[in-house]
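# Descriptive structure summary
Each chain, written out:
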Amino acid sequence: MSGNGIGYGEQGGEVAPELAQEAAPTTAPSVPAAFGLFSSDTKKNEDLKQMLESSKDSAKLDAMKRIVGMIAKGKNASELFPAVVKNVASKNIEIKKLVYVYLMRYAEEQQDLALLSISTFQRALKDPNQLIRASALRVLSSIRVPIIVPIMMLAIKEASSDLSPYVRKNAAHAIQKLYSLDPEQKEMLIEVIEKLLRDRSTLVAGSVVMAFEEVCPDRIDLIHKNYRKLCNLLVDVEEWGQVVIIHMLTRYARTQFVSPWKTDEDVGDEYNENNFYESDEEQKEKDRKVKKTYTMDPDHRLLLRNTKPLLQSRNAAVVMAVAQLYWHLAPKSEAGIISKSLVRLLRSNREVQYIVLQNIATMSIQRKGMFEPYLKSFYVRSTDPTMIKTLKLEIMTNLANEANISTLLREFQTYVKSQDKQFAAATIQAIGRCATNISEVTDTCLNGLVCLLSNRDEIVVAESVVVIKKLLQTQPAHHGEIIKHMAKLLDNITVPVARASILWLIGEYCERVPKIAPDVLRKTAKSFTNEDDLVKLQILNLGAKLYLTNSKQTKLLTQYVLNLGKYDQSYDIRDRTRFIRQLIVPNEKSGALSKYAKKIFLAQKPAPLLESPFKDRDHFQLGTLSHTLNSRATGYLELSDWPEVAPDPAVRNVEVAESAKEWTAILSKTKKEKPTEKFYSESEEEEEDSASTSATESESGSESEKERKEESSSNESSESSSSTGVSSDSESEESTEKKTSGAAEESDSEDIKKKAKEISKSRSTFSSSDTESSSSEESSSNSKSESDSNNDSDTEKSRNATSSKKGEKTVQGRKAPNKQDVFLLDLDDFYPVTTPVAVPAAAILSPSLTADLEGLSLSGSPVIDVTTQVFVPTKMHEMLHRMTGKGLSAHYQFSRQPCIFGDRMVSVQVTLTNTSDQKIENIHIGEKKLPPGMRMHEFNPIECLEPERSVTVSMGIDFCDSTQTASFQLCTKDDHFNVNIQPPVGELLLPVTMSEKDFKKEQGMLTGMNETSATIDVAPQNSTSRVITERLMKAANLGVVPSGQDKIHRFAAKTVHSGSLMLVTVELKESSTAQLIINTEKTVIGSVLLRELKPVLSQG
Amino acid sequence: MKMIHSLFLINCSGDIFLEKHWKSVVSQSVCDYFFEAQEKAIDVENVPPVISTPHHYLISIYRDKIFFVSVIQTEVPPLFVIEFLHRVADTFQDYFGECSETAIKDNVVIVYELLEEMLDNGFPLATESNILKELIKPPTILRSVVNSITGSSNVGDTLPTGQLSNIPWRRAGVKYTNNEAYFDVIEEIDAIIDKSGSTVFAEIQGVIDSCIKLSGMPDLSLSFMNPRLLDDVSFHPCIRFKRWESERVLSFIPPDGNFRLISYRVSSQNLVAIPVYVKHLISFKENSSSGRFDVTIGPKQNMGKTVEGVVMTVHMPKAVLNMNLTATQGSYTFDPVTKVLAWDVGKITPQKLPNLKGIVNLQSGAPKPEENPSLNIQFKIQQLAISGLKVNRLDMYGEKYKPFKGVKYITKAGKFQVRT
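Please read these numbers as outputs of a predicted model, since none were measured by experiment. (Residues numbered from 1 in each chain as written. Chains lettered and ligands numbered in written order. Predicted model: local features only at pLDDT ≥ 70, side-chain atom pairs only at ≥ 80, totals over all residues. Heavy atoms only, no water.)

## Digging into the overall build of chain B
For clarity, the threshold we go by: Runs of E in the DSSP output that reach at least two residues are strands. Runs of H or I that reach at least four are helices, and both are numbered from the N terminus. Residue contacts follow a heavy-atom distance rule, with two residues in contact if any of their heavy atoms lie within 4.5 Å. Each accessible area is a Shrake-Rupley estimate made with a 1.4 Å probe; only the visible protein chains count as cover when residues are assessed.
The helix and strand inventory of chain B stands at seven helices and 23 strands. Once local pairs closer than 6 in sequence are excluded, the contacts in chain B between residues at least 24 apart make up 68%. Carbon and sulfur atoms make up 51% of the accessible area of chain B, which amounts to about 16300 Å² in all.

## Some remarks on the pairing of strand E9 (residues 199-213) of chain B
Residues and elements named next belong to chain B. Going by this rule: When accessible area is computed with a 1.4 Å probe and restricted to protein chains, residues below 20% of their type maximum are described as buried, those above 50% as exposed, and intermediate ones as partly exposed. Two strands are said to pair when DSSP picks up at least two bridges between them.
Among the 15 residues that make up E9, eleven are buried, leaving the element largely enclosed by the rest of the structure. As paired strands, strand E8 (residues 180-193) and E9 are joined by 14 bridges and run antiparallel to one another. Bridge pairing in E9 places Asp-190 opposite Glu-203. Counted between consecutive antiparallel strands, the loop separating E8 from E9 contains five residues, among which Gly-197 sits at a positive phi close to 95°. Pairing of E9 with strand E13 (residues 257-266), which is carried by eight bridges, proceeds in the antiparallel orientation. Note on E13: the bridge partner recorded for Ile-208 is Ile-262.

## Some thoughts on the confidence of the model for chain A
All names here are of chain A. To keep it simple, the criterion reads: Every residue gets a pLDDT, meaning the predictor's confidence in that residue, from 0 to 100.
Scored by pLDDT, chain A has a mean of 73; 72% of the residues are at 70 or more. The low-confidence segment residues 265-280, where pLDDT is below 50, has 16 contacts with residues more than four positions distant or belonging to other chains. Contacts for the low-pLDDT stretch residues 657-753, under 50 throughout, to residues beyond four places or in other chains number 168 contacts.

## Comments concerning the interface of chain B and chain A
Interface size is commonly expressed as the accessible surface area that is lost when the partners come together. Inclusion rule: Think of a salt bridge as a Lys or Arg side-chain nitrogen and an Asp or Glu carboxyl oxygen that are within 4 Å of each other. Think of a polar contact as two N or O atoms within 3.5 Å of one another; within protein, one of them needs to be a possible hydrogen donor and the other a possible acceptor, and neighboring residues in sequence only count if both atoms come from side chains.
Every contact between the two is made by 120 residues of chain B and, on the other side, 127 residues of chain A. Counting the contacts that link chain B with chain A gives eleven salt bridges. For A:Arg138, the salt bridge is made with B:Glu117, and the minimal N-O distance between the two is 3.4 Å. At the boundary of chain B with chain A, the tally comes to 36 residue pairs in polar contact (both at pLDDT 80 or more).

## Here we look at the sheet that holds strand E14 (residues 276-284) of chain B
All names here are of chain B. Note the threshold: To define axes, lines are fitted to C-alpha atoms, for helices over the stretch in contact only, and angles between the resulting N-to-C directions are given on a 0 to 180 degree scale.
Taken together, the four strands give an open sheet; going across it, the order is E14-E15-E20-E17, and neighbouring strands pair in antiparallel fashion. Only two strands of the sheet have a single neighbouring strand rather than two, namely E14 and strand E17 (320-327). Strand after strand, the sheet turns through a mean of 15° between neighbouring axes, direction not considered.

## Topic: the packing of helix H8 (residues 149-160) of chain A against helix H10 (residues 186-197) of chain A
All names here are of chain A. Spelled out, the test is: By the definition adopted for this analysis, an angle is roughly parallel if under 35 degrees, roughly antiparallel if over 145, roughly perpendicular if from 65 to 115, and oblique otherwise. In this scheme the crossing of two helices becomes right-handed for a clockwise turn of the near helix relative to the far one and left-handed for an anticlockwise turn of less than a right angle. Basically, the charged four are Asp, Glu, Lys and Arg, the nonpolar ten are Ala, Val, Leu, Ile, Met, Phe, Trp, Tyr, Cys and Pro, and anything else, Gly included, counts as polar.
As a packed pair, H8 and H10 sit with axes 10 Å apart at the nearest point and diverge in direction by 15°. Judged by the inter-axis angle, H8 sits roughly parallel to H10. In this structure, H8 meets H10 at a crossing whose hand is left-handed. Taken together, the residues of H10 that come into contact with H8 (itself represented by Met-153, Ile-156, Lys-157 and Ser-160) are Met-188, Leu-189, Val-192, Lys-195 and Leu-196. Along the lines of polarity and charge, the residues of the contact of H8 with H10 split into six nonpolar, one polar and two charged.

## Let's talk about the environment of B:Gly309
All names here are of chain B. Here Gly-309 lies in strand E16 (residues 308-315). For the pair formed by Gly-309 and Lys-412, sequence separation is 103 residues and the distance between their alpha carbons is 9.2 Å. Apart from the residues within four sequence positions on either side, Gly-309 is in contact with Gly-346, Lys-347, Gln-378, Phe-379 and Lys-380.

## Quick look at the side chain of B:Arg63
Residues and elements named next belong to chain B. One can find Arg-63 in strand E4 (residues 57-63). The buried category is assigned to Arg-63, whose relative accessible area is 17%. One polar contact links Arg-63 to His-86, side chain to side chain, over a distance of 3.0 Å. Ignoring anything within four residues of it in the chain, the contact list for Arg-63 reads Phe-68, His-86, Ala-89 and Asp-90.

## Let's talk about a nonpolar patch on the surface
Keep this limit in mind: In this analysis, a patch consists of residues with relative accessible area above 30% that form no salt bridge, clustered at 9 Å for like charges and at 5 Å for the nonpolar side chains Val, Leu, Ile, Met, Phe, Trp and Tyr.
Where nonpolar side chains cluster on the molecular surface, the patch consists of A:Leu593, A:Tyr596 and A:Ile600 and spans about 290 Å² of accessible area. For A:Tyr596, a relative accessible area of 41% corresponds to the partly exposed category.

## Here we look at the packing of aromatic side chains
What describes a pair of aromatic rings is the distance from one ring centre to the other and the angle between the planes of the rings. Basically, it comes down to this: Geometry of aromatic contacts follows a simple scheme: Phe, Tyr and Trp rings, the Trp one being its six-membered ring, pair when their centres are within 6.5 Å, and the pair is stacked under 30 degrees between planes, edge-to-face over 60, tilted otherwise.
Applying the stated rule across the entire model yields 24 aromatic pairs over all chains. On the numbers, 5.6 Å between centres and 85° between planes, the contact of A:Trp261 with A:Trp642 is edge-to-face. Of this pair, A:Trp261 sits in the loop between helix H14 (239-256) and helix H15 (268-274) while A:Trp642 sits in the loop between helix H34 (625-629) and helix H35 (655-670), and the two are 381 residues apart along the sequence. With 4.9 Å between their ring centres and 70° between their planes, B:Phe34 and B:Phe67 make a pair best called edge-to-face. In this pair, B:Phe34 sits in helix H1 (residues 31-41) while B:Phe67 sits in strand E5 (residues 66-72), placing the two residues 33 residues apart along the sequence. Note on accessibility: B:Phe34 and B:Phe67 belong to one class, buried. Through a chain of ring-to-ring contacts, three or more aromatic side chains come together here, namely A:Trp240, B:Phe80, B:Phe84 and B:Phe123.

## Focus on the environment of A:Tyr100
All names here are of chain A. Note that Tyr-100 resides in helix H5 (residues 93-106). With a relative accessible area of 10%, Tyr-100 lands in the buried category. Here the alpha-carbon distance between Tyr-100 and Ser-142, two residues 42 residues apart in the chain, equals 9.5 Å. If sequence neighbours within four positions are ignored, Tyr-100 has contacts with Val-88, Phe-121, Ser-135 and Val-139.

## Structural notes on the packing of H8(A) against helix H9 (residues 165-181) of chain A
All names here are of chain A. Contact geometry of H8 with H9 gives a least axis separation of 8 Å together with a crossing angle of 155°. With respect to their mutual orientation, H8 and H9 come out roughly antiparallel. In this structure, the crossing between H8 and H9 has a hand that is left-handed. Residues Val-149, Met-152, Met-153, Ile-156, Ala-159 and Ser-160 of H8 lie in contact with H9, whose contacting residues are Val-167, Arg-168, Ala-171, Ala-174, Ile-175, Leu-178 and Leu-181. Taken together, the residues that form the contact of H8 with H9 break down as eleven nonpolar, one polar and one charged.

## Remarks on unusual backbone geometry
Within the chain, A:Asp961 stands out as a residue other than glycine whose phi angle is a positive 55°. Inspection of the secondary structure puts A:Asp961 in the loop between strand E9 (950-958) and strand E10 (966-971). Positive phi outside glycine occurs at B:Lys339, with the angle close to 65°. Within the secondary structure, B:Lys339 sits in the loop between strand E18 (331-335) and strand E19 (340-346). On the basis of relative accessible area, B:Lys339 is assigned to the buried category, the value being 15%.

## Comments concerning the sheet that holds strand E7 (residues 935-937) of chain A
Residues and elements named next belong to chain A. Across the sheet, which stays open at both edges, the five strands sit in the order E3-E4-E5-E9-E7 with antiparallel pairing between neighbours. In this open sheet, the two edge strands, each paired with only one partner strand, are strand E3 (877-880) and E7. Averaged over all pairs of adjacent strands, the angle between their axes in this sheet comes to 35°, without regard to strand direction. Bridge analysis of strand E4 (residues 888-898) against strand E5 (residues 906-914) gives eight bridges, and the strand direction is antiparallel. Paired with Ser-889 across the bridge in E5 is Thr-913.

This is how it looks when you write it as structure tokens:
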């Protein structure tokens, strides 16, 4: 595991031995000129030193280039260390980079001097440029000097919460480096890994999983909460990260889900024990039921579904990773899809072919059917390298069956004649294997092989003999002729294995060839001394067997052979001779055993099994190095067997999902009149079934489930979780488009649909004219979104209505008190814009997945504590009327996302529309008149806006937690207009998740001055929790705090600028009144908010 | 899982001409195990890609007469390393025009800088050519002259923003005066034809190679007249998979420059038209140390297009000493060392079919070769995709200018082998 190359490491640390090594290179051919260079090297280094000390960058650069050249050739340049390290702070980027290269190579050997460079990196770690921060971390962590471990640890910790995902990615890389430098740091590093695993950036995902695999692969518990997120991110992760994540998830899945294969095979076994007292009939029924009710865990399904597209990757490693995942995890009926992709890889270069063929060989033993349709793809070309040919042959042999054997044998005939004799020999073995496996062709094959005995090539003949021997052993009855034929061959064949095989055959069946056998013995006795050991042993064997069956003729010959053997040089042969003599030649010393000599020698021997050499490889995970080598490689992680009973699937629920259940429980109370059954399709009910069966069959897993059931009056809880799964599946398919299609997915009520269309329309125009951003995705999603909405609208209207409620409430849900989830919100322009009333994304998504899906984009700023916004008001505020704007109209709305331009800013989306018939050019922001402290991030100038088009741009404004107006000029090429943006107080907030307990605690600290309250009238129709939540959310960007009491509703948020808490409580009283309480340090905002919220609930 | 520890580049004569270590230094002596395996394998093609040594594992690829030998310490998916090494070779090819020992030695500093960026602690960091080119500029003659005068460097001082975006394959701020997009639909026929001329196995593999020189962030979508032909497809990461799944349209923001957009296989249900036939008569007489060789190539099912660039290569049996042939068209060479016969035919004109005929001289006393050699045929047909695949249209979104669009079709022989 660790990086110390014990075997070959040059870790001397001193200069002297290094130089010595240089002078005497370890591999003779590699550095032929080393001796000559030695003397001149030192001189050369002198002038390099001078160059490095010169004031000119070009000289320094030249010197560095030459030094790198030396390193590349494996020459020692360590004595230049002091001269080089001085340049670490060079302004010239290329010099700097080359110094880094040098440092990474030699720092380990020159630890003291290396320390001189550390402060430079420490400074760079604070650089405003993310790329410089990242590269500083990279180099710092690559300097393998134990003394700086604490500095590295600190740097990693800081980098892991850096705003830039790229820096965080490098932090993940650094974890592994630090771990290999100092494994003592493991615990601390695991903490960092845990934190980075929660990261939502696709850049980080691959690297952190890599670090996880390296540092703590056994801490599978760290994965639970991130499992769904990883599955969903997978498509967007870079290819190398995909491979690592897929391998890790394969291991994970094998510990967390039950086998999907049981349905294919017999499920009965374990149940037989359980149902000991039941009659057979009942048992069968049970079995059938179980068979029918096996439903895959939705998370298991999620993994399979999300990896499938990756089979289309151009990267062979990714395809192989997915293939092995399907092989190890998918139901057998589904694994077939991987064969096509694997066969495709066979077009690639020979190295890829080699590995892929090996894996196919293993697979084809167990499941022939998978590759049978591609049989012809494995046909051998004369130009293939031998190792590829033999592997193909192996696979063809595995795939042989009654139907295709005749074609295959014809193909084999071509191969046997191949000029590549090694391959021809392998073909003969393959024919032998086909012959034993398929009894119909045994005779044909045998005849064919006998024909080969007259082949001119000895290797072919020898191989045939060996194979025939094995074949005859399986059915010796009527093959006297063949044996005779082979006896004749003995005169010509020289290959020891073949000779030995013939001798063994004759000995074994000597009674079938009574005349020939003694003659063979006579001949071989003559040549005994010149034979190979292998053949000698068989001559002894033959002699012994003949002595026992035909002692009259062969007694003397055998004794002669035994005498030869007695004085042989090989002790093995001497031993055997002694053994045989004692056994067969009766004398006074020979014990009881010699009576059984005949039984011992001429016992019926089991026929050898002709098996594939790949037979025993299946216990290694496919696609691994261990599988390729067929031996355990260092660091190989065993793939565990499926658990009998799945561990609690709830561990994968992200916190918000937990509160989902509670919310559904509450909802079900309020909406009792509606029968739940109707909301769910059959399949979901089935799942519910299975959920309950699994609950009853598993002792451990059921407890939590029961508890949950008791909590809710109906079956809601289990139901909601299963529906979660289903809906999540359907959503996950869209995961690649989620950033964009979200907006269009809302489909419920008519007007919203319209709005959605409007939005998507305006966006598509935007995308076509936008030059900078990744607008591309947009266009793809438009058409799709239409169809989506159609599908949803009718059949699932009612369901959406309810689940949307669930969704909206759960997303903002509650959090476990001490866990701070880092939500790296997606700040893409295409963030799903949600509307009040129907909450689209959440409606279709499972609650837990919403959270997972939301942060999928690359860019992101960590906003700790802040949850996703739940409602985004579609209310557009007018900024510039088209009349005053001379055709240009502008509206703004608050997207309620954390702002990308700065975390103290409120993000504002401005939609600019050209209503004139001329195009408007160069729209930009001009002079700004902002109150003190207020800052504004402008949108990028729009070069041109065509007539009838509109564009949405986003900008960020830091309102300093005040409702003051931001005034500025909106300019076009010819005009400028004074415009204002005034934020409603509710938009100056960001929702916060907290538990009820935390809420009360915080509230307790914000009393007195910090509390404002009012009694308000509540219209009767507004007294349900749903409406209250909805209305408050519409008015202000709040997060719901789950509440245990029906009458009290709590909401939490923080102010955008200062991050002060803002706690809102609505306590329903008798006679249509309610107490509205706001606790906050920001008393001004608090009272303004109170004023704003007052009318919200009283309106009808 | 620790990935690549060290990398050694070894030429055919067994010299280690470059080494790079990403962790502690591993001595060159580890390569001795590789040399041992190489010796055992006889042929370079047969050197096993994965070799186990007492302390390390060696995973190697062979490209352009160079062995890329990587040293691994622990379990890792071998394909991961192999794929990466090929990516490294591709990058060298891309940067220096060729991936040869001389090119690498001449540009050793750039090679080092590239390797440094491509791998961090043995794990791939930046492998996209577009990003790398922003970090490290490829050498050109002009630039090296300029550099030597002004002292400016090959290291980019702009930040590779692509790496940070969600379209890492494209660099930002691309500008062209002529905006062009070219697509080459290249199909290759893999076939095995048996002695009697019947097809044992044939399939069509295709790729679409693109050369995109478009400014800004163009969003392209390419559609086919008959997308159902494509049975199995692999994509460049830029392609939106969902769009393909639902509409069979290739929608993507392209990388800048040359890249492979997709590779595909045409479904095996379709019968493959074989554009050429070969008449052959190769025989070796028993006990006479000579043989006859007579091969004619003719066009067949070529859709009215000319078959050109025809080359036939034959690995003759070891016993063949020399060949005395006459070609009615083109020229032939026979290398008595490697025993490779190469016949460069050129274009096939149906009126006068090219023929190669003559005597084969065998080593005297050697037994007659029992198998006739296979004939490997190469050919090209311009303006034809043999599967019938046709590009319907290319649309561009996101940019205002009108690009020049071009599609070229070409059919080639892939692994096309005639058994005799």
